[in-house]
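# Residue-level structural notes
In case you want the letters, here they are:
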Amino acid sequence: MFSRVYPLFVALIAGFLILLLKLAAFYISNSMALKSDALESLVNLLAGSFASFAVLYARKPADRDHPYGHGKIEYVSSFFEGGLITLAAVLISYEAIENLIRGIELKRLGLGLLINFGAGSMNGILGMWLIHMGKKKRSAAIEADGHHLLSDFITTLGVAGGLLAVHFTGISWLDPAIALVFGLWLGYAGGRVLFRSVMSLMDTENPELLNRLVSAMNSVGDSNVLAVHALRTMHLGDYTHVDIHIVLPEVYDIGRANEIVHAFEHNVLSEAGMRGEFHSHVDPCKRQYCSHCSVEQCPIRQEPRTEKRPDFVVETAVSWPDGHLRRVLEV
Ligand SMILES: [Zn+2]
Ligand SMILES: [Zn+2]
Ligand SMILES: [Zn+2]
């Protein structure tokens, strides 16, 4: 299990070094922009530590305490990260405005810039390595971490470009101005991370996931399954809990129905390429699907079979037909 996440730990150790370098660059130059960059590295380090733990913990199989598994911890982790980024954004923006008003005294900007740029490049290399390892180990968390570091490298480039202008023109208010832009951008990024984690924590319906499930159901094409409805998904990291009602010919006995439901779950999940589970509820056909029901010797058939079962569509799959009295959906 550790071999899966060791790239994240390498990233943590390297991240600590990068943070020290960026802090040194700030102290040498007294640059507000370089300070913001260092603060962002600190956020990365804190968030990265929690994320490494979360990735390990999320992989733990379900147990008595957590019968739905431990996947949600990944969203708690990104909520934490989003909160930290947003907090850093507020602090940076506040201080940048203060410095814009009061003015700032820059010291050895050239040297500070050089050190910061070196540290930033380490971030870039680390990011590319993490993306490579994430693809190799098929870990979304590692890959995401890599993309994050790579985008940090891009911002470091932007900051360095701006400060180079300060260095050569001597216009010192440009420094807090760059920091302010950095802070605002960080606020946007942090807000997005927060928003996404809340969506997943709240199990906000994910249309992409529903489409994948329903088209997998169509590819599996089990003719015994006459219809599906009340489809819902719960997001547990890379594991998905699916709640579904499956309409079967009511002449089948419970043993037969159970076999069909189990096979349907297994086939749909593997067709969709998803890790997860179905919690299915079986509904009787109530003789409403005879026109496309394939049961040959059916004692209760109302009309002959005239057509193939139509494809499932998301809209009906997520609906709650009349008769589901316990469930009231607000529209
Ligand atoms: Zn547990
Ligand atoms: Zn139902
Ligand atoms: Zn069973």
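Residues numbered from 1 in each chain as written. Chains lettered and ligands numbered in written order. Predicted model: local features only at pLDDT ≥ 70, side-chain atom pairs only at ≥ 80, totals over all residues. Heavy atoms only, no water.

### Observations concerning the packing of aromatic side chains
For the coordinates displayed, the defined rule picks out six aromatic pairs. Geometrically, the ring pair formed by Tyr6 and Trp129 is edge-to-face, given 6.4 Å between the ring centres and 65 degrees between the ring planes. Taken as a pair, Tyr6 in helix α1 (residues 2–29) and Trp129 in helix α4 (residues 109–137) lie far apart in primary sequence, 123 residues in all. By relative accessible area, Trp129 is classed as partly exposed at 29%. Taken together, a centroid distance of 5.0 Å and an interplanar angle of 45 degrees make the contact between Phe26 and Tyr27 tilted. Among the residues examined, Phe26 registers a relative accessible area of 13% and is labelled buried. Ring pairing ties together the aromatic residues Phe50, Phe53, Tyr57 and Phe80, which thus form one cluster. (Phe/Tyr/Trp six-rings, centres within 6.5 Å; stacked < 30°, edge-to-face > 60°. Helix = DSSP H or I, 4+ residues; strand = E, 2+ residues; numbered from the N terminus. Buried < 20%, exposed > 50% of the residue type's maximum accessible area, 1.4 Å probe, protein only.)

### With respect to the coordination of the zinc ion (ligand 1)
In an ideal octahedron of six donors the angles at the metal are 90 or 180 degrees, and in an ideal tetrahedron of four donors they are 109.5 degrees. Those donors, Asp63 (OD), Asp63 (OD), His66 (ND1) and His70 (NE2), are the protein atoms that reach the zinc ion (ligand 1), and they lie 2.0 to 2.6 Å from it. Coordination of the zinc ion (ligand 1) draws on donor residues from a single chain, spaced D-x2-H-x3-H in sequence. Overall, His66 belongs to the partly exposed group, its relative accessible area being 33%. (Donors = N, O, S within 2.8 Å, 3.2 Å for Na, K, Ca; no water.)

### Section: the sheet that holds strand β2 (residues 239–248)
One open sheet accounts for three strands, arranged β1-β2-β3; its pairing is mixed. Each end of this open sheet is capped by a strand with a single partner; those strands are β1 (227–236) and β3 (275–284). Direction aside, the axes of adjacent strands within the sheet are offset by 15 degrees on average. The pairing of β2 with β3 spans 10 bridges and is classified as parallel. Across the sheet, residue Val247 finds its bridge partner in β3, namely Asp283. Lying on the sheet, helix α7 (residues 207–220) is in contact with β1, β2 and β3; it crosses β1 at an angle near 135 degrees. (Pairing = 2+ DSSP bridges. Axes fitted to C-alpha atoms, helices over the stretch in contact; angles between N-to-C directions. Contact = heavy atoms within 4.5 Å.)

### A few points about the side chain of Asp222
With respect to the element layout, Asp222 can be found in the loop between α7 and β1. Arg309 provides the closest opposite charge to the buried, salt-bridge-free Asp222, at an N-O distance of 6.2 Å. Excluding anything up to four places from it in sequence, Asp222 contacts Ile260, Phe264 and Arg309. (Lys, Arg positive; Asp, Glu negative; His and termini not counted. Salt bridge = Lys/Arg side-chain N within 4 Å of Asp/Glu carboxyl O.)

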